[in-house]
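A closer look at the structure
Listed below, chain by chain, are the residues.
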Amino acid sequence: MSDGLDQNRGLSVLDRPNSYIGKTVPRPNLDRLMQGRGQYVSDMTLPRMAHVVFLRSPYAHAKIVNIDVTAAKAMPGVIAVVTGPELAEVITPWVGVLTHLKGLKSAPQHAIAVDRACWQGEAVAAIVATSRALAEDAAEQMSVDYEELTPVTSMRTALDAETPVIHPVLGDNLAFERNLDAGAIDKAFAESDEVVEAEFVFGRHTGVTLEPRAVLADWNPGEARLTIYQGTQAPHMVQNIAAKHLGLEEAQVRVVCKDVGGSFGIKVHIYADEMATYALSKLLRRPVKFVADRVESFNTDIHARDHICKGRIGVNNDGTITGFEIDDLTGIGPYSMYPRTSAIEANQVVNLVGGPYTAPNYRARARVVFQNKNVTCQYRAVGHPIACSVTEGLVDLAARRIGMDPVAIRRKNLIADDAYPCASPSGMKFEALSHQASIDKLFAMMDYDALRAEQAELRKKGIYRGIGIASFIEVTNPAAAFYGVGGARISSQDGVTVRLDATGAVICQTSLTEQGQGSESLTAQIVGSVLGVSMNRVRVILGDTDNTPYGGGTWASRGAGIGGEAALQSAKALRKNILDVAAAILQAKPGDLDIVDNAVVDMAGGQPRIELHELARIVYFRPDTLPPGFQAELMATRHFVPRDYPFAFTNGVQASWLEVDPNTGFITLLRHWVVEDCGTLINPQLVDEQIRGGVVQGLGAALYEHLIYDERGQLTNANMADYLVPMSGEMPDIDIGHVVSPTLETELGAKGAGEAGTAGASACVANAVNDALSPFDVSITEIPLTPRLILTALGVA
């Protein structure tokens, strides 16, 4: 890592004149999107394009006895009807495992089910027609004979001897188990004044992106090349996997990601129906488009957070927390998702429980089981809401048991701000966090003492309000330790190419992608700041494997910290090249020059010497006027990957102020606060809105969102009428504050911020509800906190 100093000015590149870093500036893509000129996969049409509709199993578990395609093939506009065995001749199956997750297993999964459907919604055939409507009409003419099999639907009984094994070749329904024992937890509990335990239950839910998953695959036989237009977070990952399973070289596959209408982790995975679309294009030698409808989205977009976690905490009467113990059980569907696997969430829960606290004793077990439901995998803030809810729920229960204030017990046990670097009992390495400063700032922002006084007065009037606190840590900037060490070809680096064009404008090509979080803006802000170029003179190109450097893309809160650092370093390299050229033209020393406001100027007095457009004109069109032997290079590429730490942890704390009506069970959210430390803030407004958006998703999990399956494995609420999502009318004001502890591993100092809001929101809401209901001696450790759940706990329903 460099020392952060500009070689020509002796100043940090973050402090250059007219720097955009740390400022709120409009997004470069804002006007285009606000005018309705975004280009999504659904908007695209290619010559000879066909549409595919998938016939999906109505059963959670069934043998496919026979598929009669005769009537469907005879329907108008039908191009082909393809079954699983036929498509298996074109595309190979996959297995979602990572070698560093010891013991993780899964059965091979096909693009279309070959002999058995393992969840309601798994595709059993593909109908390709000249329009989606005609394909849907033909699908209704399909006749499938199924032999219904006993489904495995309960994670609690999935490992019982009498429960059928979904994949007999695997031996049982246990996909993965991890055990961790740090310190001396039995001794710690035996010597604790109190040991508190609870079972936490989390409702399965999903991302509900505004734009559903969509892909347009175009096999060009003349070039023997496949172009995939897809809303994805990781184009190079898609390129690698499509090539691998279609028997192609990576150079034969191009992935283009244009505008994406939300992702939240939903679109970072490889789905069977998307793989089938790639294969159908190759099989039929023409473009094929698939766009999921909303029912398909509910049944096939990855689900998440389906956990039952038993937890225990030891505490002494002075408030000292002595240790944590958890036993986590999660159901993932019939397969481990490919290629990131469905075990990462449970693994993260083990890593993160107790993370903000000094307690050295920790025991954890996580078990991941197969079941005949849709697959689960990584969704925004993977594992964090589970770990935070368990940890913070136990801390509040411990505080209540010993009669201690929730803020006081946290202040006593949170890691001190001067204790870094350090590590958690689970082995997570922390470079520099700010738990104490964060909770102090939160305490002041919310006027905690005044709220407690108001709460007490309102209780006298029969009004029950509660305060909930939740400290959290967040994994950002993941290095190769996340996936690469496990054998997955998912890049942990990102790359940026920056060049000065012939007009003096800057073209920036980045391996990041954009799903609304501001990748384009942060890249332009960094490059413009380093180069001394106006942001409107910086054009950012992203989401195209033919035109961007190789990189991981945008996921796990890594865009600013990894892609941003690559942008900074490439811009610095180009800046040096520009000043070398300017020095040659002006017969000056590079160290005596600077770039400010699109011109090279004297460093000492700031007098303009040559405009960048004039410098570019000379380089591109009159290089003969440059000194003999001098070769100008107005392009630079740099990559960056973290090496010092496996992750750049961030931290923060959230608080909720709400009211519970004990007569109806309804919860009214009144105010929400977040203090977050994500290192250097590149664009404060983007950071704040990322946090607010994450909070809203966390509030949805806490109060509304729940995918409900019956005992037959049927999803009963796969629609927007019965699956509730948070709306603006229910949301409180969300106040954001910051503490800044830059990572020293990069010159930029940025960590991630995209998942912080989701990480702690449901935990502090649950704590606030229990605080509100404390006069009734009620404690609820299940979400979503529906009116029925609250009334049941109160003994009313």
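Attention shifts here to the confidence of the model for the protein chain. Across the protein chain, the average pLDDT comes to 96, with 98% of residues at or above 70. Scored below 50 in pLDDT, residues 1–10 shows 32 contacts in the model against residues more than four places distant or in partner chains.

Looking now at the packing of helix H6 (residues 235–246) against helix H7 (residues 272–284). Axis separation between H6 and H7 bottoms out at 11 Å; the angle between their running directions is 55°. As far as their axial angle goes, H7 and H6 are oblique. Pair H6 / H7 crosses with right-handed handedness. Taken together, the residues of H7 that come into contact with H6 (itself represented by Val238, Ile241, Ala242, His245 and Leu246) are Met275, Tyr278, Ala279 and Lys282. Classifying every residue of the contact of H6 with H7 by side-chain character gives seven nonpolar, one polar and one charged.

Two descriptors summarise a pair of aromatic rings, namely the distance from one centre to the other and the angle between the planes of the rings. Applying the stated criterion across every chain, the model contains 14 aromatic pairs. Geometrically, the ring pair formed by Phe324 and Tyr357 is tilted, given 6.2 Å between the ring centres and 40° between the ring planes. Within this pair, whereas Phe324 is found in strand S16 (residues 321–331), its partner Tyr357 is found in the loop between helix H9 (344–352) and strand S17 (361–369), the two being separated by 33 residues in sequence. Note on Phe324: relative accessible area 2%, which makes it buried. Arranged with centres 6.5 Å apart and planes meeting at 45°, the rings of Phe482 and Trp555 form a pair that is tilted.

The next thing to look at is the pairing of strand S24 (residues 593–596). By the alternation rule, side chains of S24 split into Leu593 and Ile595 and Asp594 and Val596, which are all buried. Of the pairings in the sheet, the one linking S24 to strand S25 (residues 599–602) comprises four bridges and is antiparallel in character. Paired with Leu593 across the two strands is Asp602, which belongs to S25. The antiparallel pairing of S24 with S25 creates a hairpin that spans two residues between the two strands, and Asp597 there sits at a positive phi of about 50°.

With respect to the helices and strands, the residue Asn173 is situated in the loop between strand S6 (143–148) and strand S7 (174–182). A polar atom in the side chain of Asn173 sits 2.9 Å from the backbone oxygen of Pro164.

Taken in spatial order, the four strands of this open sheet run S20-S28-S29-S30, and their pairing is mixed. Only two strands of the sheet have a single partner each, and these edge strands are strand S20 (464–474) and strand S30 (733–738). Put simply, the sheet's adjacent strands are angled 15° from each other on average, direction ignored. Strands S20, strand S28 (650–660) and strand S29 (667–677) of the sheet are contacted by helix H13 (residues 448–460), whose axis makes an angle of about 145° with S20.

For the rest of this paragraph, the subject is the packing of helix H14 (residues 519–531) against helix H15 (residues 559–586). Interaxial distance between H14 and H15 falls to 8 Å at its minimum, and their mutual angle equals 30°. In terms of orientation, H14 and H15 fall into the roughly parallel class. Here H14 runs over H15; the crossing is right-handed. Contacts from Leu522, Thr523, Ile526, Val527, Val530 and Leu531 of H14 reach H15 at Gly559, Ala560, Gly564, Ala567, Leu568, Ala571, Lys572, Leu574, Arg575 and Ile578.

About the thresholds
- Residues numbered from 1 in each chain as written.
- Predicted model: local features only at pLDDT ≥ 70, side-chain atom pairs only at ≥ 80, totals over all residues.
- Heavy atoms only, no water.
- pLDDT = per-residue confidence, 0-100.
- Contact = heavy atoms within 4.5 Å.
- Axes fitted to C-alpha atoms, helices over the stretch in contact; angles between N-to-C directions.
- Helix = DSSP H or I, 4+ residues; strand = E, 2+ residues; numbered from the N terminus.
- Parallel < 35°, antiparallel > 145°, perpendicular 65-115°, else oblique.
- Left-handed = near helix turned anticlockwise from the far one by under 90°.
- Nonpolar A, V, L, I, M, F, W, Y, C, P; charged D, E, K, R; others polar.
- Phe/Tyr/Trp six-rings, centres within 6.5 Å; stacked < 30°, edge-to-face > 60°.
- Buried < 20%, exposed > 50% of the residue type's maximum accessible area, 1.4 Å probe, protein only.
- Pairing = 2+ DSSP bridges.
- Polar contact = N/O pair within 3.5 Å; in protein donor to acceptor, adjacent residues only side chain to side chain.

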